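What follows is the residue order along each chain.
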Amino acid sequence: QVQLVESGGGLVQAGGSLRLSCAASGSIFRINVMGWYRQAPGKQRELVAVINSGSSTTHAESVKDRFTISRDNAKNTVFLQMNSLKPEDTAVYYCAADVRETIGSVPRRYWGQGTQVTVSS
């Protein structure tokens, strides 16, 4: 079993910054892709950014040039630096990781519990 624990959410004014962290622990052989998703009230969960084990990244158009995803493979941790925050960035942010628990296993998707980010205008 694998656990993902997020931290760093909170309330910030428009134009401000926050840094989210997500640490994976448990039965981990290797983590392939790690990423951040978000879900605003009444909306579907959407991709924010993902990063693979080689540190190649993909960011949603809505956050490009404002958010940056990174990871520390040695600590099984992924980060999301969020700058120039806007009220429309308000959502619950979820961490996700595709984890291989043993050398022969296929990757399995795990999710964090979510952390609230609220941006006031």
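As the structure is a computational prediction, the values presented were derived from the model and not from experiment.

1. Re the packing of aromatic side chains
This structure, assessed with the given rule, holds 1 aromatic pair. Residues Tyr-37 and Trp-111 carry aromatic rings whose centres are separated by 5.1 Å and whose planes lie at 65° to one another, so their mutual orientation is edge-to-face. Of this pair, Tyr-37 sits in strand E4 (residues 30-39) while Trp-111 sits in strand E10 (residues 108-111), and the two are 74 residues apart along the sequence. Residue classification places Tyr-37 among the buried residues on the basis of a relative accessible area of 15%. Seen from the ring of Phe-79, Arg-19 lies directly overhead, with NZ or CZ sitting 4.4 Å from the centre. We note Arg-45 situated over the ring of Trp-111; from NZ or CZ to the ring centre the distance is 4.7 Å.

2. Structural notes on the nonpolar core
One finds Trp-36, Leu-80, Met-82 and Tyr-93 to be the most contacted residues of the largest nonpolar core, which totals 29 residues. Listing elements by their share of this core, those giving two or more residues are strand E1 (2-7), strand E3 (18-26), E4, strand E5 (46-51), strand E7 (67-72), strand E8 (77-82), strand E9 (91-100) and strand E11 (115-120). Counting residues per element, this core draws most heavily on E9, which supplies 5 residues. Here Leu-80 is in contact with Leu-18, Arg-19, Leu-20, Trp-36, Val-48, Ala-49, Phe-67, Thr-68, Ile-69 and Tyr-93, once residues within four sequence places are set aside.

3. Quick notes on the side chain of Glu-6
Within the secondary structure, Glu-6 sits in strand E1. For Glu-6, the side chain forms a polar contact with the main-chain nitrogen of Cys-95, separated by 2.6 Å. In this structure the side chain of Glu-6 is engaged in a polar contact, spanning 3.2 Å, whose partner is the backbone nitrogen of Gln-113. Excluding residues that lie within four positions of it along the chain, Glu-6 makes contacts with Ser-21, Cys-22, Trp-36, Tyr-93, Tyr-94, Cys-95, Gly-112, Gln-113, Gly-114 and Thr-115.

4. Let's talk about the side chain of Arg-100
One can find Arg-100 in strand E9. Although buried, Arg-100 forms no salt bridge, and the nearest oppositely charged side chain, Glu-101, lies 11 Å from it. Separated by 2.6 Å, the side chain of Arg-100 and the backbone oxygen of Ile-103 make a polar contact. Each residue touching Arg-100, except ones within four places of it in the same chain, is listed here: Ile-28, Phe-29, Arg-30, Asn-32, Ser-105, Val-106 and Pro-107.

5. Focus on the state of the cysteines
What is meant by a disulfide is a covalent connection between two cysteines, made through their sulfur atoms. For the coordinates displayed, the defined rule picks out 1 disulfide. Two residues share a disulfide in this structure: Cys-22 and Cys-95, whose sulfurs sit 2.1 Å from each other. Taking the sign of the S-S torsion, about -80° here, the bridge from Cys-22 to Cys-95 comes out left-handed. Separated by 73 residues along the polypeptide, Cys-22 in strand E3 and Cys-95 in strand E9 bring together distant segments of the chain. Of the two residues, Cys-22 and Cys-95, neither departs from the other in class, the shared state being buried.

Each value, and the rule that gives it
Residues numbered from 1 in each chain as written. Predicted model: local features only at pLDDT ≥ 70, side-chain atom pairs only at ≥ 80, totals over all residues. Heavy atoms only, no water. Phe/Tyr/Trp six-rings, centres within 6.5 Å; stacked < 30°, edge-to-face > 60°. Helix = DSSP H or I, 4+ residues; strand = E, 2+ residues; numbered from the N terminus. Buried < 20%, exposed > 50% of the residue type's maximum accessible area, 1.4 Å probe, protein only. Lys NZ or Arg CZ within 6 Å of the ring centre and 35° of its normal. Core = buried A, V, L, I, M, F, W, Y, C linked by side-chain atoms within 4.5 Å. Contact = heavy atoms within 4.5 Å. Polar contact = N/O pair within 3.5 Å; in protein donor to acceptor, adjacent residues only side chain to side chain. Lys, Arg positive; Asp, Glu negative; His and termini not counted. Salt bridge = Lys/Arg side-chain N within 4 Å of Asp/Glu carboxyl O. Disulfide = S-S within 2.5 Å.

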